[in-house]
Amino acid sequence: MPKHILIVDDSKTVRNLVAFIMKKEGFRVTTAEDGLDGLEKLYAADQVDLIVSDVNMPRMDGFTFIKNVREQEAYRDIPIIVLSTEGQDKDIQTGLTLGANLYMVKPAQPEKMVRNVKMLLG
């Protein structure tokens, strides 16, 4: 059974690109356009093995989304990769403190992203 990845990003281009890369690697992909949509898709899915999330999004940003995910027992151990244009130390620190496993700055190289995903899915 392929691992299921949830991609949360308000940019359709980024969502499609990351989804394309992950599908090519044989993963099952669900996409969401902001944190709220991400939570809805997470709750609706039978299982999500890893989440890739942006930070700057309307309705609910990535940090709030990660905080929500981590506050729930059922989702506490899902690996989360932040993929954001915000590359400052304070942003990276915030992301990791809230519970992200990895923080990648856009544009992320596809090979590196695939490597990180596979490493986190171990």
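Just so you know, these numbers come straight off a predicted model, no measurement behind them. (Residues numbered from 1 in each chain as written. Predicted model: local features only at pLDDT ≥ 70, side-chain atom pairs only at ≥ 80, totals over all residues. Heavy atoms only, no water.)

Observations concerning the overall build of the chain
As a reminder, the rule being used: Helix and strand assignments come from DSSP, with helices taken as H or I runs of at least 4 residues and strands as E runs of at least 2, each series counted from the N terminus. Radius of gyration: over C-alpha atoms. The globule rule applied is 2.2 Å multiplied by the number of residues raised to the 0.38 power. To sort residues, take the accessible area from a 1.4 Å probe on protein chains only and compare it with the maximum for the residue type: under 20% means buried, over 50% means exposed, and anything in between is partly exposed.
Each helix and strand in the chain was counted, giving five helices and five strands. Shown N-terminal to C-terminal, the secondary structure of the chain runs as helices and strands in the order β-α-β-α-β-α-β-α-β-α. A globule of 122 residues ought to have a C-alpha radius of gyration of about 14 Å, and the chain, at 13 Å, matches this closely. Projected onto its principal axes, the C-alpha coordinates of the chain cover approximately 35 × 30 × 25 Å. Across the 122 residues in the chain, those meeting the buried criterion constitute 47%.

So, the nonpolar core
Under the convention used in this document: Definition used in this section: a nonpolar core is a set of buried Ala, Val, Leu, Ile, Met, Phe, Trp, Tyr and Cys residues joined via side-chain atoms within 4.5 Å. Every residue pair with non-hydrogen atoms within 4.5 Å of one another is taken to be in contact.
Grouped together as the largest cluster of nonpolar side chains are 21 residues, with contacts concentrated most on Leu6, Val8, Leu42, Val48, Ile51, Phe65 and Val69. Of all the secondary structure elements, the ones that give two or more residues to this core are strand S1 (4–8), helix H2 (35–44), helix H3 (62–70) and strand S4 (80–84). No other element matches H3, which puts four residues into this core. Excluding residues within four positions of it along the chain, valine 48 makes contact with His4, Leu6, Leu42 and Ile78.

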